[in-house]
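The chain contents come next:
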Amino acid sequence: MGPAPTVTIHVYGQLREYCAGASQLSVSARTVRAALEDLERSQSALYRNLCDETGKVRRHLNVFVNTDNVRDLDGIDTTLTAGDVVTILPAVSGG
Amino acid sequence: MKGADRVILTIGTKKGVFVAEAAKPRRKFELRGPFGPGVPVYSTLIDTRGTPRLYASSCNPFFGMKVLRSTNVGKGFEETKSGPAFPKDDGRALINIWSLEPGGGKKELWCGVEPASLFRSRDGGDSWEMVPGISNHEHARKWQPGNGGLCMHTIIRDGNRVHLGISTGGHYLSEDGGDTFKASNQGVGAGFAPDPYPEFGQCVHKIARHEDAPGRLYMQNHGGWADWTGPGGPRPDIGVLRSDDHGRSWRSIASGLPSDFGFPIVVHPHDADTVYVVPLEPATRSCPGGAPAVWRSENGGDSWSRLARGLPKKQSYFTILRDAMDIDHLTAPSLYFGTTTGQLWIGREGGEKWECVFDSLPPIHNVKVAVV
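Quick look at the structure, then. From a predicted model like this one, the values you see are computed outputs, not experimental measurements.

### Side note on the overall build of chain A
Okay, so step 1: Broken down by element type, chain A carries two helices and five strands.
Okay, so step 2: Expected size for 95 residues packed as a compact globule is a radius of gyration near 12 Å; at 13 Å, chain A falls within 12% of this value.
Okay, so step 3: Along the first, second and third principal axes, the C-alpha set of chain A runs to 45 × 30 × 25 Å.
Okay, so step 4: The 95 residues of chain A split such that 25% are buried.
Okay, so step 5: A fraction of 54% describes how many contacts in chain A between residues 6 or more apart in sequence connect residues 24 or more apart.

Right under this line is the structure:
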């Protein structure tokens, strides 16, 4: 098995204060789950905004790989390939 | 304004926390905020130990729970280094922060959360640890959420005694500083179960006490069950209660009120016999007849009088939530309440005369006041 592909994580504007203002982060990961695990290690403050204590992506967030919501793919086990962009956005909910 | 001249209000709303400030006569309040804008705030604390610090829970449904702290009396807030969180292997995830209270040490804070659990910080909110005596209590996985969620909304400390109010769990008492807790609900009724007096599981809405009379406690419980005709029979007047033995047993003091349903309960700062409630219609949780009123007892709940001078006389159907009423500690104290329609009211001279201070804030969850 070769090295994990490098993908880009696009950081939602409101969350950039938790990763020193970065709008994008590069991680090497084969799946969305692995990308989140990388963030847990490398960007723990950002990670806490994305996932709860149990490790689940917070209920009102949607995770996209390129333009596809991972709920229509394989959830957080969705496979990543080099150059993919992972975007995590608030769902259209709340008041 | 100089120090020690200021009355400070923290107002937790659906869209952030506001801070209002006035000189002691409380004629005009200046409003600052919102801080943590757009994010619901269910609990605030004005910590007057040493240099005043203001705290607010920032309960972001998207990005999780934060604790905000102000060291400049509400001119600005910053996030603490971390918020309370369950251990990773616990299986529970924080949904909301419902109460913030000072602890024993100068920088110690206690925090009640949803799902009902207790956390403690020893460094002013920068780090938190779960208190297992109640959070892992044998009853904890049996508690059920009330309409507002499964929340620990009341923390009262009295030396080694710690009183907790949980909706829906009931009143829990520790007599060893919070290491262990027992359900302490003798006389506390439940309306939504066949057994009217279970060991635990009551929907306690709020508990209050006077600093100088720690054995006396008042409780606003979930009332409104006088007409129930099902199993267990009617259970009138279970909504407003009093204890004279440090919360080991409770008795009704609801007789004379227009409704025993309500959320907040507040004790006069200079008289442990004077207590305030806001009766609501149980079905709608709004002001009876559309005419809001605070009710006051000056004899520990033996009788009640209606305080409504200056409040609307009709067409007002707001709700006053469990933490949305407080009273300052000045010689002639003023009451304050916030409404779900975004109004902040002041009741001067212990509630004798009411004025609307702010009339268009976001829905108000929480009001706290202190003189700093």
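Here the narrative resumes.
### Considerations on the interface of chain A and chain B
How big an interface is tends to be reported as the loss of accessible area on association of its parts.
Okay, so step 1: Taken together, the contact between chain A and chain B spans 11 residues of the former and 11 residues of the latter.
Okay, so step 2: By residue class, the composition of the side of chain A that touches chain B is three nonpolar, four polar and four charged.

### Topic: helix H1 (residues 32-42) of chain A
Because each turn of an α-helix spans 3.6 residues, side chains separated by three or four positions in sequence point in the same direction.
Residues and elements named next belong to chain A.
Okay, so step 1: For H1, the complete set of buried residues consists of Val32, Ala35, Leu36 and Leu39. Looking straight down H1, one finds its buried side chains confined to an arc of 100°; they lie on one side.
Okay, so step 2: On its buried face, H1 is in contact with strand S1 (6-10), strand S2 (24-28), helix H2 (44-50), strand S3 (61-65) and strand S5 (85-90).

### Focus: the sheet that holds strand S8 (residues 96-102) of chain B
The strands making up a sheet associate through backbone hydrogen bonding, with each pair oriented either parallel or antiparallel.
Residue and element names in this part refer to chain B.
Okay, so step 1: Here we have four strands laid out as an open sheet, ordered S8-S9-S10-S11, and antiparallel in their pairing. Looking at which strands have only one partner, the edges of the open sheet turn out to be S8 and strand S11 (129-130).
Okay, so step 2: Across five bridges, strand S9 (residues 109-114) lies against strand S10 (residues 117-121) in antiparallel orientation. Paired with Trp110 across the two strands is Arg120, which belongs to S10.

Rules and cut-offs
Residues numbered from 1 in each chain as written. Chains lettered and ligands numbered in written order. Predicted model: local features only at pLDDT ≥ 70, side-chain atom pairs only at ≥ 80, totals over all residues. Helix = DSSP H or I, 4+ residues; strand = E, 2+ residues; numbered from the N terminus. Rg over C-alpha atoms; globule rule 2.2 N^0.38 Å. Buried ≥ 20, exposed ≤ 12 C-beta atoms within 10 Å, placed from the backbone. Contact = placed C-beta atoms within 7 Å. Nonpolar A, V, L, I, M, F, W, Y, C, P; charged D, E, K, R; others polar. Arc of directions from axis to C-beta. Pairing = 2+ DSSP bridges.

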